[in-house]
Structure formats: structure tokens, C-alpha cells
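Below, each chain spelled out in residue letters.
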Amino acid sequence: MERDVLVRYLDAWTAKALRSQRGGTYVECGGFAADALRVFGEFSDRLEGHHLELVIVGSAVPGEVPPGLSVRVAEDPRDLGLTGPVLTHLDGPEAWPLVEPMARGKGHEVLVTAPAGDHPVEHGCSVELVDEDGEARLLVFSTADLKHLATFKSELWAVDEFAGIRYRDPRDAEGILVDISLTPQLLPLRRALLAELARRGSRTVAELQRFTLLETIYRPEDAAGALTSAVTAGEVTREPGKGRLTPRTVIGLP
């Protein structure tokens, strides 16, 4: 499951890097270097003439390198001196001290996979993957680019559902488990939006969509469905009172 999310986002990230003159660097600090090589291999016809680099930390190159891809092996990701767009994958509990230094810099973003439990959930988007036995793994994605965050959320909900695996938002006090779907259950989001309105007062739909992106496991577009249900149930008011919800529609509590 972690591998599927990582591969999907790396695929989207690579396509964007190859459209940019700045290119990009992917730093693999876990066990997914072979998967990264396979992703880059799918772009082998476009690698020549672009700056795209794979840095593998702590292990050897696990397979054939596609022509046009730069590859190097390093011991410590903090010593790389990387500039430009950088995506780093960190794995395990020892990853947390590395998140801040690896995320520092314009265009730098980090994806962490680690055991669920005592973790700093303030780092970007956090989601737990929970199996049928209640065992959980954590994914954390940290970026300053809201478009990249939205892309990660889209890939998160588009992965193939694995038997018995569901998502849980570490910020959700009730810990509701949500099936993986392009049209997910929105009750946890609805409660989170109501709590945000109680804290801050009336907000526009655009502001609530931004809150959804930054503070929940959901996508901005999911906010419209949750708010529509809340309006129908009489849990919130809206202005104007009729018509479809737009980014300028103001939502408040009765």
C-alpha cells in the first residue's frame, strides 16, 4: 500500500519535473530504490536532455539505470547540498529528525513512511493505513507547494484498494476508519468543517476548501459534498441561500 502511494506520486512528480527546465532530484532513503528506477524507466524516452537525478542513500543501485538518468549513492541525505525541486522518501522512526532539513528549501518536499503511534503529525498531510487487525502504518507528506499537496491527495484516494486496508486521520478525535475510494465517506470531514466554523465563525467555501487541503486527509473538492450534506441537514447556513455552492458562498452555523 505504501509502495502504491509512493509510486503513484513519484510518477506524477516525475512528469512535472520533465516539463520544467529545472528538472528535479529524487532522494530514496528507504527500500524503494528499485521501484523508483522502474518509474523513471517509464519515462526513458524523455530523460535525455533533462536534469533528473536519483540519489540512493545507504545502499547500492538495485538495477539497470535508464539512459539519461543521473544516479549517485550517498551516506547522509543532509550532506547533498541539493537545490531546485527535490522529493525525498524517508522510512522508519529515525526519519523524523530528517524531515525538517530535507524539506527546507524552495521546491523541496518529503514523504515519510513509518510505524503509526508517537509521531509529529504537524508535518504536512498525515494519514494512517489501518489493516483488519488494527495494525497501522503512517504516511506523512510535507510540502510548501499547495498544488503538489493537492496532487498527493488525489493520488492518495486513487490507489487500488487493498483487502482490509482503510484510512484514518490522526487528527480525527473519533478515529473513524474510511474506505479507500474516489468517492470516500465524508462524515469525518463534515465534523471537521463544523468544528472549524465553531472556532472561526463564518467562512467562504474557498476558505473551507483550503482548510480541507491543509488540515485533513481529504481533497479540496470533497469539501463541497460535505458542505452540501450539512446544508441539507440544517447543520449550517449559506449565503446566498439558493443555487450551487461556489467558492464565494459563505457558510456559517445557525
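Bear in mind that the values here come from a model prediction, so they are computed numbers and not experimental data. Along each chain, the written sequence defines residue order, and numbers are assigned to residues from 1. Reporting of local features is limited, given that this is a predicted model, to residues whose pLDDT is at least 70; pairs of side-chain atoms are given and counted only at 80 or more, and all residues count toward the totals for whole chains, interfaces and linings. Processing note: side-chain calculations cover all non-hydrogen atoms of the structure and skip hydrogens and water entirely.

Peer 1: Hey, could you go over the pairing of strand β7 (residues 136-142) for me, with residue numbers and the actual values?
Peer 2: Burial classification: accessible surface area is computed with a 1.4 Å probe over protein chains only, and a residue below 20% of its type maximum counts as buried, one above 50% as exposed, and the rest as partly exposed. Secondary structure counts use DSSP, requiring at least four H or I residues in a row for a helix and at least two E residues in a row for a strand, with both numbered from the N terminus. Of all seven residues in β7, six are buried; the element is thus mostly enclosed. Where strand β5 (residues 108-115) and β7 come together, six bridges link them in antiparallel fashion. In the strand pairing of β7, V112 is matched with V140. Pairing between strand β6 (residues 125-130) and β7: six bridges, direction antiparallel. Paired with V127 across the bridge in β7 is L139. Only strands joined by at least two bridges in the DSSP assignment are considered to pair. Hairpin remark: β6 followed by β7, antiparallel, with five residues in the connecting loop; positive phi at G134, about 90 degrees.

Peer 1: Can you break down the pattern of salt bridges residue by residue, with the values?
Peer 2: Salt bridges are counted wherever a side-chain nitrogen of Lys or Arg sits within 4 Å of a carboxyl oxygen of Asp or Glu. All told, the structure shown has 17 salt bridges when counted by the stated rule. Across the pair E100 and R104 runs a salt bridge whose closest N-O atoms are separated by 4.0 Å. With respect to burial, E100 and R104 carry one shared label: exposed. R168 serves as the salt-bridge partner of E128, at 2.7 Å between the closest nitrogen and oxygen. Highlighted residues: E128 in strand β6 and R168 in strand β8 (residues 166-168), separated in sequence by 40 residues.

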